[in-house]
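Breakdown of the fold
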Amino acid sequence: MQNFSQQCLDIARTILGHSLSSISEDGHIIPVDGEPSSGADAAHAIWAIGEYYRGTQEIWLHDFSLPKLAAQCMDFQTHAADHTDDRSLSYSALGLFCFGATQSRNHLWQSLSPEARELFIKQLTHSPSHKDSHAALAIARAVVCFCMGFTSKDETIHLVESFLGSISQTAPNGFIDHAPDEGIGGCYDIHGLWTLNLIQQVVQMHIHHDLAQHLLPSIRTHVESYLRLLPELIRSDGLAWTYGEHTGFYAQLLTLNALMLALAAGWIPHDRQSLYTHLVRRLFHCFFLHFVDQGHGSIVIRDLERTLSPSFSTRRANFDAVRYLCQWSMLAKKLLSLQLESQDDEEKTGGRFIQFLHTPKKEQGVFIYCNAEQKAHYALPLLSGCGKGSCENLAFPHCPGIFDAPIDTYLPILQPELTINGQLFIPSFYGKNCATGMGSRHSFFFRYEQPELISHQETIVSDLAHCRVTWIFSEDCITSEFIYTVANRLKVDQVRYVIALSAPHSLYGAHGLMLGAESLRAIVEKDDFGMAWKDLVTVHNDPQYRTAYGAIHFLQILSRTNPIFLLPGKPYHLKISFHPDIIHH
């Protein structure tokens, strides 16, 4: 771990060295060419600089004064009313805290003008609290306010216990629905793990160490729910958490950070430490190959082949990478007795459904299938997408390189889309009577029902139809079947089904799983809707159709554009099987 610690710090120093020149005299971050300016990026810069100082105690990097640059960013943040949101305030506060808990010895605090100090304290102590996953930001502000003497009242215990207590209302199994009021509710993605890890980190930074001893056991209970899940979500090539809002670059950072924090805190059982240290090695190797420009020494998240949500700028990604790399460097120093070269468990073919929520109205979770022979991991989420109408949480087997979907764009990927009265309905987001088990010839199945149809923007419409969905995974075949029944005669204006054909990035991380010359070998085994394959649509040069990993080249569309009337008492089937030609590049 000593070598790993130094490697992380060296990369962080290089990236930060290239990023500091983007901080202007007035403290705003100059964006890279082709991206809009984002005032919130300054807060990410403050925290990154703070973590670098905390890990090295260096106040200069090249010819840049780190406290001075951080002060410029903080002055910009405090005076720009439209950029003093909760996240920016919390990140700025944590960056400040990294320079020291004593105001008189804090280099950043001493570099601020009296006016900026007064305004920052006013903003920090009057920001609202939250009941959702953003409660972690309120906890971070509470820790900084008390520890730095901005307030005499310590609300840390109350805020942490209140938030952890509220989790049981939306996720009795310990997982966090980070947007319970968005869409249908039930957005259990990696954002929940980020929330718990941030709370864990700020509690450990509290000047009263007995407070951490009081709160950490409760935090650990929820974190362990995710820790048990991660080995099944991390592919053999090190690609992490492939569904939800933060796939790609941030999935790598957040997953690796969770493992490092757990190992350093002693939350991994001794007999599992070799597995988790090996996962760290795989995750970091994948992160380094996929997102680090090794020639220039910077982070690349957006180019002609891949992208991220517009809310994540390239500057922000670079500062965030510095922050995490510095944290990993410090955490690795606590793990000198662990060997990063330890071997992992042998992968076994199998599938299981992890249930996040079970109520009389809906069931939500993720089905995970591993094909040991092909070294392929499929994650099939049955979760809310926060009502955004995009592909990240659609109920199909997410597996970059094999089954892909564009970022921040809606397409019915591997889902029949029924247009009824102007609304688009797809069998995603929730289920009932979810079941999984072994089928014939060593196959694994996942089944669920939708008593009522749900639109792609997560609006449930009653009295239209009932849908039953079955996915079957075997050694060389994946089969999906969708069965619709209606109680009354129903007009469907059109039906559409889309397959996205992509490839890994040609330069960064061009390894791992990809499709061979024979592609997915999709076969329509049964189609009661009377659809037909359209000509391939080339989207390689369209920025709207890019993934977090590589480019989508073609869209294969099966559709029916003229109306069809569904009759009561008759089931309507769509059954499609795939025999993917998987190769390891």
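Heads up: the structure comes first, above all this text.
As a starting point, this report considers the structure included with it. Remember, predicted model here, so these are calculated numbers, not experimental data.

**Comments concerning the overall build of the chain**
- Within the chain, the secondary structure is distributed over 13 helices and 25 strands.
- For 585 residues, the compact-globule estimate of 2.2 N^0.38 gives 25 Å, and the chain sits close to it at 25 Å.
- When burial is assessed residue by residue, the chain has 61% of its 585 residues classed as buried.
- Contacts in the chain between residues at least 24 apart in sequence constitute 69% of all its contacts with a sequence separation of at least 6.
- As presented, the chain carries roughly 22500 Å² of accessible surface, and 50% of it is formed by carbon and sulfur atoms.

**A closer look at the environment of Phe-403**
- Turning to its location among the elements, Phe-403 is positioned in the loop between β7 (376–382) and β8 (417–420).
- Given a relative accessible area of 3%, Phe-403 falls into the buried group.
- The sequence separation of Phe-403 and Pro-580 amounts to 177 residues, and the corresponding C-alpha distance is 9.5 Å.

**A few points about the packing of helix α1 (residues 2–19) against helix α2 (residues 41–56)**
- Packing of α1 against α2 leaves a shortest axis separation of 11 Å and a crossing angle of 140 degrees. In this view, α1 runs oblique relative to α2, as classed from their interaxial angle. Where α1 crosses over α2, the handedness of that crossing is left-handed. Across the interface between the two elements, Leu-9, Arg-13 and Leu-16 from α1 touch Ile-49, Tyr-52 and Thr-56 from α2.
- Looking at the contact of α1 with α2 residue by residue, the class counts come to four nonpolar, one polar and one charged.

**Details of the packing of aromatic side chains**
- One pass over the structure, following the stated rule, counts 32 aromatic pairs.
- Look at Tyr-378 and Phe-403: their rings are 6.0 Å apart centre to centre, the planes differ by 50 degrees, and that puts the pair in the tilted class. Taken together, the residues span a long stretch of sequence, with Tyr-378 in strand β7 and Phe-403 in the loop between β7 and β8 at a distance of 25 residues.
- Cation over ring: Arg-323 sits above Trp-47, and NZ or CZ is 4.1 Å from the ring centre.
- Across from the ring centre of Phe-445, 4.1 Å away, lies the NZ or CZ of Arg-447, which sits over that ring.

**Focus on the state of the cysteines**
- Inspection of every chain in the model, using the stated rule, returns zero disulfides.
- Here Cys-370 is not cross-linked by a disulfide; its sulfur's nearest cysteine counterpart is in Cys-399, at 10 Å.
- Classification of Cys-399 as buried rests on a relative accessible area of 0%.

**So, the sheet that holds strand β19 (residues 523–527)**
- If you trace the six strands from one edge of the open sheet to the other, you get β10-β11-β14-β15-β24-β19, paired in antiparallel fashion. Either end of the sheet is taken by a strand with one partner, and the two such strands are β10 (432–438) and β19. Averaged over all neighbouring strand pairs, the angle between strand axes comes to 10 degrees, with direction disregarded.

**Notes on the packing of α2 against helix α4 (residues 86–98)**
- Direction vectors running N to C along α2 and α4 enclose 20 degrees, while the axes themselves pass 7 Å from each other. It follows that α2 is roughly parallel to α4 by the angle criterion. When the axes of α2 and α4 are compared, the crossing they make is left-handed. Between α2 and α4, the residues in contact are Ala-43, His-44, Ile-46, Trp-47, Gly-50, Glu-51, Tyr-53 and Arg-54 and Arg-87, Ser-88, Tyr-91, Ser-92, Leu-94, Gly-95, Leu-96 and Cys-98, respectively.
- The residue inventory of the contact of α2 with α4, partitioned by class, reads eight nonpolar, five polar and three charged.

Calculation notes
Residues numbered from 1 in each chain as written. Predicted model: local features only at pLDDT ≥ 70, side-chain atom pairs only at ≥ 80, totals over all residues. Heavy atoms only, no water. Helix = DSSP H or I, 4+ residues; strand = E, 2+ residues; numbered from the N terminus. Rg over C-alpha atoms; globule rule 2.2 N^0.38 Å. Buried < 20%, exposed > 50% of the residue type's maximum accessible area, 1.4 Å probe, protein only. Contact = heavy atoms within 4.5 Å. Areas by Shrake-Rupley, 256 points an atom, 1.4 Å probe, with all protein chains shown as cover. Axes fitted to C-alpha atoms, helices over the stretch in contact; angles between N-to-C directions. Parallel < 35°, antiparallel > 145°, perpendicular 65-115°, else oblique. Left-handed = near helix turned anticlockwise from the far one by under 90°. Nonpolar A, V, L, I, M, F, W, Y, C, P; charged D, E, K, R; others polar. Phe/Tyr/Trp six-rings, centres within 6.5 Å; stacked < 30°, edge-to-face > 60°. Lys NZ or Arg CZ within 6 Å of the ring centre and 35° of its normal. Disulfide = S-S within 2.5 Å. Pairing = 2+ DSSP bridges.

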